[in-house]
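A closer look at the structure
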There are 2 protein chains.
Amino acid sequence: MPGVEDVKTFDIVFEGKARSSGKMRCDVDVEFVTTKEKFSVATDEGAIHGGDNSAPPPLALFTGALTACLMTQIRAFAKRLQIPVANVEIFASLRWRAEQTGNQPYVGEPVGFDLDIDIDSEASLDEIKQLLDAARKGCFLEATLGQTNEISHRLRVGGEWIDL
Amino acid sequence: MPGVEDVKTFDIVFEGKARSSGKMRCDVDVEFVTTKEKFSVATDEGAIHGGDNSAPPPLALFTGALTACLMTQIRAFAKRLQIPVANVEIFASLRWRAEQTGNQPYVGEPVGFDLDIDIDSEASLDEIKQLLDAARKGCFLEATLGQTNEISHRLRVGGEWIDL
């Protein structure tokens, strides 16, 4: 029916239950609520930060998550747009800075995020650009980093939940 | 020397080399450049999205990264601030929405991020609040999500790098 667009939305919900273990290790039970799929994810720190190096640090997981999120959408949307794509490689350079006064806890801030994307394809440059544009818009993590997000926190101390 | 603050900064750099493998799997070699430590991280999708479910999806890694980043700083800064902390648990609810017109690639957007933090400690509420405040400021991912970030992209097609 011309003029009537078939627009639908769907929600993507992930829940994580993280617990401290080891010296600095963190074990996280993750559920993709929409599909009921469950995953185990862990992080640790190296000895220099008091850990046992039993798993990658949190920012290594983030590096994997961001690059893989974009790559997954490139491959998924290539099929949908019928743009032929063989291999994809992404090189990510992710930079943060910490500022510390004396021996106080430091304050972190992002400095820059660069992604170099190498797409092995016989498609035209215009088609590849169209694909990458769609993948960036569909990448939930690019969309998240591209806006200011408020993270709400509640704190439980002595059995009481406190909104912060 | 009174009046002169000892302020120093240090850079945190992660590099990731991601390559497509399997049907939807993504293997990422991650290097923590500052320390030269190397890690392997992988993602995959479930069968419903054309994958082999051989690894968690990218947003599961992100759920682990965000919760573990905050938990790691809670534990690290507890030592530095001499605030006694036994176990820490964090429950995360991370929500996104996708909007799709017809069968076109969908567009993703963040909806909300909630973190419930349960700290097992004999410290006072004020000390725990001070600790959590420091951990939030020191958490590189909270700092990243709390501002608008520009992600720069370069695309290589046919041997040529193109700035986007």
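Just so it is clear, the structure is predicted and the values come from calculations on it, not from any experiment. (Residues numbered from 1 in each chain as written. Chains lettered and ligands numbered in written order. Predicted model: local features only at pLDDT ≥ 70, side-chain atom pairs only at ≥ 80, totals over all residues.)

Next up on the list: the overall build of chain A. Secondary structure summary: chain A contains 3 helices and 7 strands in total. Its helices and strands taken in sequence order, chain A reads β-β-β-α-β-β-α-α-β-β from the N to the C terminus. With respect to the three principal axes, the spread of C-alpha positions in chain A is 60 × 35 × 30 Å. Counted over contacts in chain A with a minimum sequence separation of 6, partners at least 24 positions apart contribute 41%. (Helix = DSSP H or I, 4+ residues; strand = E, 2+ residues; numbered from the N terminus. Contact = placed C-beta atoms within 7 Å.)

Placing chain A over chain B gives an RMSD of 0.0 Å and needs a rotation angle of 180 degrees, together with 0.0 Å of translation along the axis. The operation mapping one copy onto its partner corresponds to a two-fold rotation axis. Across chain A, the smallest distance between a C-alpha and the rotation axis is recorded for A:Thr148, namely 2.4 Å. When the interface residues of chain A are mapped onto chain B, 100% of them again lie at the interface, so the same face is used by both copies. (Least-squares fit on C-alpha atoms with pLDDT ≥ 70 in both.)

For soluble globular proteins, the rule of thumb is that nonpolar side chains tend to be buried together. Of all hydrophobic cores here, the largest spans 80 residues; its most connected members are A:Ala65, A:Leu70, A:Ile74, B:Ala65, B:Leu70 and B:Ile74. The contacts of A:Ile74, once residues within four sequence positions are left out, are A:Val85, A:Val88, A:Ile119, A:Leu131, A:Leu132 and A:Ala135. (Core = buried A, V, L, I, M, F, W, Y, C linked by C-beta atoms within 7 Å. Buried ≥ 20, exposed ≤ 12 C-beta atoms within 10 Å, placed from the backbone.)

Our focus in this paragraph is the packing of helix α1 (residues 58–81) of chain B against helix α2 (residues 125–138) of chain B. In a packed pair of helices, the relevant descriptors are the angle between the two axes and the axis-to-axis distance. Residue and element names in this part refer to chain B. Axis separation between α1 and α2 bottoms out at 8 Å; the angle between their running directions is 125 degrees. By the angle between their directions, the pair α1 and α2 is classed as oblique. As for the relative orientation of α1 and α2, their crossing is right-handed in sense. Of α2, the residues touching α1 (which contributes Leu70, Gln73, Ile74, Phe77, Ala78 and Leu81) are Gln130, Leu131, Leu132, Ala134, Ala135, Arg136 and Gly138. Of the residues in the contact of α1 with α2, the class split is 9 nonpolar, 3 polar and 1 charged. (Axes fitted to C-alpha atoms, helices over the stretch in contact; angles between N-to-C directions. Parallel < 35°, antiparallel > 145°, perpendicular 65-115°, else oblique. Left-handed = near helix turned anticlockwise from the far one by under 90°. Nonpolar A, V, L, I, M, F, W, Y, C, P; charged D, E, K, R; others polar.)

The next subject is the domain arrangement of chain A. Residue and element names in this part refer to chain A. Partitioning chain A into structural domains gives domain 1 (1–56) and domain 2 (57–149). Here the C-alpha centroids of domain 1 and domain 2 sit 17 Å apart. Contacts between domain 1 and domain 2 engage 6 residues on the former and 5 residues on the latter. Classifying every residue of the side of domain 1 that touches domain 2 by side-chain character gives 3 nonpolar, 1 polar and 2 charged. (Domains from an automatic or database assignment.)

Residues and elements named next belong to chain B. Unusually for a residue other than glycine, Lys36 sits at a positive phi of about 65 degrees. The residue Lys36 is located in the loop between β2 (25–32) and β3 (37–43) in this model. A tally of 7 C-beta atoms within 10 Å means that Lys36 is categorised as exposed. Unusually for a residue other than glycine, Asn53 sits at a positive phi of about 55 degrees. Position of Asn53 relative to the elements: it lies in the loop between β3 and α1. When the 16 C-beta atoms within 10 Å are taken as the criterion, Asn53 is described as partly exposed.

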